[in-house]
Amino acid sequence: VKKSSKFSYINNRFAQQMPKFDLICETDLKKTIEINPKNINALIILGTYYKNNFNYFEGYKYFDSAINIDKKNSLGYFGRAICAQGLKKYEVALEDYTFIINNFDLSSILFVYDMSIKHTVKLCDVFACRADTFIKLGKTDDAITDLNQAIELDPKSTDLLFERGKLKAIKGDYMGAIKDY
């Protein structure tokens, strides 16, 4: 029997306490929104919380509220698109991804808040997400076009190359698929 380290004990305790922490954060964010329904940051963070917990319906509502307050909120559109895709509302997801691509500074980085951690979302991620939506709709050519754009923005991404290779193989372009693999 291996004696557990102090570090593994702390990690175990943290894992046990995480649901309580999530509940406290969710409750506090809801109270913040109740006090100030136009608090876009709280709406985005709560939408992100629900999205990350696969509660796409709730996440969609909060991202949609943020967009209704600020029609130029790229985070709202990005989060709502992911939630729409999770709800199998693929056309809505395509509209939101396309809106981001057409209306925001393509060289800027979107910041998506995941509770206490700030993640960056680059434009290549938006193209990759839209490509995934096209795949779900059976629009392989459109998906390849978006993956081409994403790869142009991030040429070292093996994940993007692999996805494009799979689609090329499906289309019968085996040499193109081999190059991407």
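Just above, that's the structure.
Bear in mind that the values here come from a model prediction, so they are computed numbers and not experimental data.

What counts, and where the lines are drawn
Residues numbered from 1 in each chain as written. Predicted model: local features only at pLDDT ≥ 70, side-chain atom pairs only at ≥ 80, totals over all residues. Heavy atoms only, no water. Helix = DSSP H or I, 4+ residues; strand = E, 2+ residues; numbered from the N terminus. Buried < 20%, exposed > 50% of the residue type's maximum accessible area, 1.4 Å probe, protein only. Axes fitted to C-alpha atoms, helices over the stretch in contact; angles between N-to-C directions. Parallel < 35°, antiparallel > 145°, perpendicular 65-115°, else oblique. Left-handed = near helix turned anticlockwise from the far one by under 90°. Contact = heavy atoms within 4.5 Å. Nonpolar A, V, L, I, M, F, W, Y, C, P; charged D, E, K, R; others polar. Core = buried A, V, L, I, M, F, W, Y, C linked by side-chain atoms within 4.5 Å. Phe/Tyr/Trp six-rings, centres within 6.5 Å; stacked < 30°, edge-to-face > 60°.

Caption draft 1: Unusual backbone geometry, seen in detail. For Phe54, which is not a glycine, the phi torsion comes out positive at approximately 60°. Checked against the element boundaries, Phe54 lands in the loop between α2 (40–52) and α3 (56–69). For Lys88, which is not glycine, the phi torsion reads 65° and is therefore positive. Here Lys88 is to be found in the loop between α4 (74–86) and α5 (90–103). Classification of Lys88 by relative accessible area gives exposed; the value is 61%.

Caption draft 2: Layout of the packing of α2 against α3. Two elements in contact, α2 and α3, have axes separated by 7 Å at closest approach and are oriented at 160°. Judged by the inter-axis angle, α2 sits roughly antiparallel to α3. Crossing hand, α2 versus α3: left-handed. In contact with Ile40, Leu43, Ile44, Leu46, Gly47, Thr48, Tyr50 and Lys51 of α2, α3 contributes Tyr56, Glu58, Gly59, Tyr62, Phe63, Ser65, Ala66 and Ile69. Class assignment of the residues belonging to the contact of α2 with α3 gives a composition of ten nonpolar, four polar and two charged.

Caption draft 3: Geometry of the nonpolar core. Ranked by internal contacts, the top residues of the largest apolar core, which has 42 residues, are Leu46 and Val126. Secondary-structure elements contributing two or more residues to this core are α1 (6–35), α2, α3, α4, α5, α6 (123–136), α7 (140–153) and α8 (158–171). With eight residues, α2 is the single largest residue contributor to this core. Setting aside residues no more than four positions away along its own chain, Leu46 makes contact with Glu26, Leu29, Lys30, Ile33 and Tyr62.

Caption draft 4: Here's a closer look at the packing of α5 against α6. It is at 10 Å that the axes of α5 and α6 come closest, and there the two elements cross at 155°. It follows that α5 is roughly antiparallel to α6 by the angle criterion. When the axes of α5 and α6 are compared, the crossing they make is left-handed. For the pair formed by α5 and α6, the contact residues are Tyr90, Ala93, Leu94, Tyr97, Thr98, Ile100 and Ile101 on the first element and Leu123, Val126, Phe127, Cys129, Arg130, Thr133, Phe134 and Lys136 on the second. Looking at side-chain class alone, the contact of α5 with α6 contains eleven nonpolar, two polar and two charged residues.

Caption draft 5: The arrangement of the packing of aromatic side chains in detail. Across all of its chains, the model carries six aromatic pairs by this definition. Plain terms: the ring middles of Tyr50 and Tyr62 are 5.8 Å apart, the flat faces sit at 20° to each other, and that makes the pair stacked. Here Tyr50, found in helix α2, pairs with Tyr62, found in helix α3; they are twelve residues apart in sequence, far enough to count as distant. Ring centres of Phe162 and Tyr181 lie 5.3 Å apart, and the angle between their planes is 50°; on these two criteria the pair is classed as tilted. Of this pair, Phe162 sits in helix α8 while Tyr181 is found in the segment after α9 (174–180), placing the two residues 19 residues apart along the sequence. The class for Phe162 is partly exposed, based on a relative accessible area of 41%. Among the aromatic residues, those joined into a ring-pair cluster are Tyr49, Tyr50 and Tyr62.

All we've got here are geometric facts, nothing functional implied.
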